[in-house]
Every structure is written in structure tokens, then in C-alpha cells.
Amino acid sequence: MSSWILQDFDIGDISCQIIEFSVDNHSYVMLFNRVDATRTQEMISEKAAELGIDYRENSYEVKFDLKENFESDQFFVRPEVSISVSGMRELGRVIKDLLEFHYRNSNAEAYVCVAESRKLKRFYDRLAKLYTVELNFEVRMDLGEEGLGYEITTPSYKS
């Protein structure tokens, strides 16, 4: 495993954690922001109702994007040069490893994410099939009105 550093990072008045990594000559960032630290209780309730979940106290929203998109505030723009098939597999392994790394460092109960496109949803669905058992996480898929949401619960999840 790489020597990742989980850094605290502020975006406006939102505090989150960020990890930078590279795959197939593309630089990425993965963001973890604690749900209750970035939203009012009313906003949390609305989002939970929209996705059909119950937010837990130690839950995080998780997103990843190209570092250049993040730095230019043009989120989720595809790279000019596509990532290779082997790069996509490696990206999936790294995302899995980063979730495990963050979980070990935060003891998160749950992660929530929303795919930005149907293509990204297929990628997330594949990751869920490949790694859910290995991580000992549970994944609820197809959440929200468009079916693009996910809730990933960890062994720390309290029912």
C-alpha cells in the first residue's frame, strides 16, 4: 500500500479530508467530508429522505475526481486522454484501498456517494461486487430518484 496522508482541508466553510493519488499518469483527489460537519440537521434529513437512508453520526460523503478538475473548480470533467483498461482496474483497487485506509483512521460508520453519470455508476457497481466482501462492508445501491446513490456501511455501523 502507498504511504497516503489524510490531510484536513477547507473548501469555503466546509471542512473535509483529502487524499491525493495517481493512477495511469492521472492525478486524483479523494475527498471525505463528515456529513454532520457540513450540513444542517434539516439538510441532512432532506438528503437522507431523498436517498432513503438514515445518516449515522460518524458518516462521510466521499467523492473522487481528477486533481486538475478539483483545482480549477470544474468538477467531474473527463480527462483529455482516457485512462486505460488496466488503469481503470488499478483505479478501482486504489479507491477500495483508500476507503479501507480512511475507515481504519476514522472508524466511520458509513460512507455515502452519488455517481455523477451512468458510466460512473457501472464502475461503482463493479467495485461493489468485487470488494464488498473483502472489506467486510455492506453496500446499498440504486438509491435516490435517479438510482445513482450508494450507502456503504462498515463494521462500525450501529443499527
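One can find the structure itself at the top, above this paragraph.
Residues numbered from 1 in each chain as written. Predicted model: local features only at pLDDT ≥ 70, side-chain atom pairs only at ≥ 80, totals over all residues. Heavy atoms only, no water.

Our next topic: a nonpolar patch on the surface. There is a patch of nonpolar side chains on the surface, built from Phe9, Ile11 and Ile14 and spanning about 210 Å² of accessible area. With respect to the helices and strands, phenylalanine 9 occurs in strand β1 (residues 7–11). A relative accessible area of 31% means that phenylalanine 9 is categorised as partly exposed. (Patch = residues over 30% accessible without salt bridge, like charges linked within 9 Å, V, L, I, M, F, W, Y side chains within 5 Å. Areas by Shrake-Rupley, 256 points an atom, 1.4 Å probe, with all protein chains shown as cover. Salt bridge = Lys/Arg side-chain N within 4 Å of Asp/Glu carboxyl O. Helix = DSSP H or I, 4+ residues; strand = E, 2+ residues; numbered from the N terminus. Buried < 20%, exposed > 50% of the residue type's maximum accessible area, 1.4 Å probe, protein only.)

Okay, unusual backbone geometry next. Here aspartate 73, not a glycine, exhibits a phi torsion of approximately 60°, which is positive. Inspection of the secondary structure assignment puts aspartate 73 in the loop between α3 (67–72) and α4 (85–106). Backbone geometry at asparagine 107 places phi at a positive 55°, although glycine is not the residue there. On the secondary structure map, asparagine 107 appears in the loop between α4 and β5 (110–114). Here asparagine 107 falls in the partly exposed class, since its relative accessible area comes to 44%.

Enumeration over the complete set of coordinates arrives at 0 disulfides. For the unlinked cysteine cysteine 16, the closest cysteine sulfur is that of cysteine 113, found at 16 Å. (Disulfide = S-S within 2.5 Å.)

Structurally, phenylalanine 75 is set in the loop between α3 and α4. Residues phenylalanine 75 and phenylalanine 64, 11 residues apart in the sequence, show an inter-C-alpha distance of 9.6 Å. What phenylalanine 75 contacts, discounting residues up to four positions off in sequence, is Asp65, Asn69 and Phe70. (Contact = heavy atoms within 4.5 Å.)

Geometric descriptors of this kind do not, in isolation, establish any biological role.
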